[in-house]
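# Fold and contact review
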Amino acid sequence: MNQVKLNKKDYDAIIVGAGFSGLYQLICLRDQLNLNCVVLETGDDVGGTWYWNRYPGARCDTESHAYSYYFSDDLLKEWTWSERYPGHAEIRRYMNFVANKFDLKKDILFQQKVTSACFNNDENNWNVITNSKIEFKAKFLISAVGCLSNTNIPNIKGLEDFEGKYYHTGNWPKNGVSFAGKNVGQIGTGSTGIQAVPVIAEEAKHLTVFQRTANYSIPARNKPLTSEFKKHVKENSDLYKNLVKRTPNAHPFEISKRNVADVDPDELNEIYEKAWEIGGLQFRAVFNDLVTNIKANKTASDFIKKKIRETVSNKKFASILSDIDHPYAGKRPPIDSNYFETFNRDNVNLVDLRSEPIELIDRTGIKTKKNHFDLDIIVFATGYDAMTGPLINMNITGKNGLKLNDVWKEGPKTFLGLQIPGFPNLFTITGPGSPSVLTNMPMAIEQHVEWIRDCINYMNKKDYSTIETDINSAEKWGDEVNSVANQTLLPTVKHSWYLGANIPGKPRVFMPYAGGLPRYTEVCDKIKNNKYKDFILN
Ligand code: NA7
């Protein structure tokens, strides 16, 4: 797959990662600014998150007509999604379509995992080394490694003794896993686990789901797209482009302006019933105050809990699944295809880890405080060391030997999620402190990538060697990130990965920017129009 000849290792820009961010950054810098760039990618093909996430049921929760690049009208015309939500294989086909259309692969080096990146103070450039011990140099280093690429397998005693097979959903074998005739255990019931359970249960002899925290989920109502809808999307691409750019989460639907208190109980129930039928993330948008007002939120939470109890016929399971300890959408709100219905199958069991925690894994399965479960396969749907993990994992050293791992000991400090004090000429696409995971990602990515392009263009035109932020700007931005988060219910959730609280020992800092993409874009545009004076340019 490696098509770039290794005769040139000195670049204007090194981009790390060949997902949505990396591909578009390459287009912007190579084709629009005429810079000499290379993309370094761990996998052997493009796709980023979707290269690794091939687990059963893996599907995006953004509706397909908005899960696209919007920068190219041709691309919007040429590509047609087949289902309401794109599945992982179709997204990889899309990414390959983009890579081929813009002839990107010739500048991507596959199977090159960055093992260290170090800023050279004398030369004002970055030295990057990969697992193949190849050294690259560039003026700019741009991280396009995504927010959810550092998988988390919890440290459970005895895993190494297990004689069956185990897999993390975010690192799924390319050739798939056969569950036929197998006793399967799945740990984790976040967005991923909720997608995987119904599909695994269909194939496995038996599935035991180990749930620590019960979770909400709304039916996705996925379906093939009709030819009328496909035509409608193509004919209205400008309308959707405008819509995704002006709604806070960049999804292709409006958030209602009404509050829960504006309607009476009958109307409230009717609204929720209708939204339940429509399905997906639109459920969250039926009231304006669901993620800001705990009383309003309780009406949605209670409605979903009731739906769970009505759907799951085993009373014990229904009670474990609906015993949810956090507000709806306080965590990333999953959407599903037959998740709760799956617990009505004879071959599915549910274990409540709050009443019987896992003690250890042994040769034959999982031992909890009360039981032993014989298993052939364990699926870890246990999430990620999100947002900071993929960056820290690259062993980045900034100015004067400053290690990213050390400067982020107390949590990430960035300016706009785009730059880190002490790390000149390093840009982090969808870094901590940016809207990223709280939005429809491709839209947040396009905004970042274009801002970085314009900034580099400005620097090159004015002959600047370095751009850097300082600790004051990062702290001020951190205050803004906290202030907007504290206006929502998001920071109140105990085990949320938004706060890093899912990883033992990780500092509890609310990482994504909850102020919405339009507000964030406005801040970034102001800085650009002000000739980047909020940064230090040399
Ligand atoms: P999440 O949302 O972090 O979910 C991970 C799940 O794994 C969640 O149910 C966790 O329970 C559970 N978990 C994690 N560690 C353990 C241990 N040690 N024991 C038992 N259970 C555990 O990751 P996902 O992959 O589902 O979703 C990540 C994002 O990907 C998603 O939001 C979308 O943006 C796409 P907990 O709730 O922490 O008690």
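Residues numbered from 1 in each chain as written. Predicted model: local features only at pLDDT ≥ 70, side-chain atom pairs only at ≥ 80, totals over all residues. Heavy atoms only, no water.

Attention now goes to the overall build of the protein chain. Scanning the protein chain for helices and strands turns up 16 helices and 20 strands. The C-alpha extent of the protein chain, read off along each of the three principal axes, is 70 × 55 × 45 Å. Looking at the protein chain as a whole, 58% of its 538 residues qualify as buried. At a minimum sequence separation of 6, the contacts of the protein chain that also span at least 24 residues come to 71%. Split by element, the accessible area of the protein chain, about 22400 Å² in all, is 46% carbon and sulfur. Between the centroid of the 67 positive side chains of the protein chain and the centroid of its 63 negative side chains there is a distance of 1 Å. (Helix = DSSP H or I, 4+ residues; strand = E, 2+ residues; numbered from the N terminus. Buried < 20%, exposed > 50% of the residue type's maximum accessible area, 1.4 Å probe, protein only. Contact = heavy atoms within 4.5 Å. Areas by Shrake-Rupley, 256 points an atom, 1.4 Å probe, with all protein chains shown as cover. Lys, Arg positive; Asp, Glu negative; His and termini not counted. Charge placed at Lys NZ, Arg CZ, Asp CG, Glu CD.)

A few words now on the sheet that holds strand 14 (residues 365–368). Taken in spatial order, the three strands line up as 13-14-15 in an open sheet, and their pairing is antiparallel. With one partner strand each, in any of the chains shown, strand 13 (358–362) and strand 15 (372–374) form the two edges of the open sheet. Taken over all neighbouring pairs, the strand axes of this sheet differ in orientation by 20° on average, direction set aside. (Pairing = 2+ DSSP bridges. Axes fitted to C-alpha atoms, helices over the stretch in contact; angles between N-to-C directions.)

Examined at the domain level, the protein chain breaks down into domain 1 (2–46 + 104–150 + 386–537) and domain 2 (159–225 + 261–380). Here the C-alpha centroids of domain 1 and domain 2 sit 33 Å apart. Opposite the twelve residues of domain 1 that make contact, domain 2 presents 15 residues. Interface area for domain 1 against domain 2, summed over the two sides, is near 1100 Å², with a carbon-plus-sulfur share of 56%. At the surface where domain 1 touches domain 2, the tally comes to one salt bridge. Linking domain 1 to domain 2 there are four residue pairs in polar contact (both at pLDDT 80 or more). Taken together, the residues of the side of domain 1 that touches domain 2 break down into six nonpolar, five polar and one charged. (Domains from an automatic or database assignment. Buried area = accessible area lost by both parts, 1.4 Å probe. Salt bridge = Lys/Arg side-chain N within 4 Å of Asp/Glu carboxyl O. Polar contact = N/O pair within 3.5 Å; in protein donor to acceptor, adjacent residues only side chain to side chain. Nonpolar A, V, L, I, M, F, W, Y, C, P; charged D, E, K, R; others polar.)

Our focus in this paragraph is the pattern of salt bridges. It is possible for side chains of opposite charge to pair when their charged atoms get near one another. Applying the stated rule across the entire model yields 28 salt bridges. A salt bridge links Asp323 to Arg354, with the nearest nitrogen and oxygen atoms 3.8 Å apart. Here the residue Asp323 occupies a position in the loop between helix 10 (315–322) and strand 11 (335–336), and Arg354 occupies one in the loop between strand 12 (348–352) and strand 13, the gap between them amounting to 31 residues. Under the relative-accessibility criterion, Asp323 is labelled partly exposed at 45%. A residue is classified by how much of its surface remains accessible, and Arg354, at 38% relative accessible area, is partly exposed. Among the charged side chains, a network of salt bridges with common partners joins Arg30, Asp31 and Asp107.

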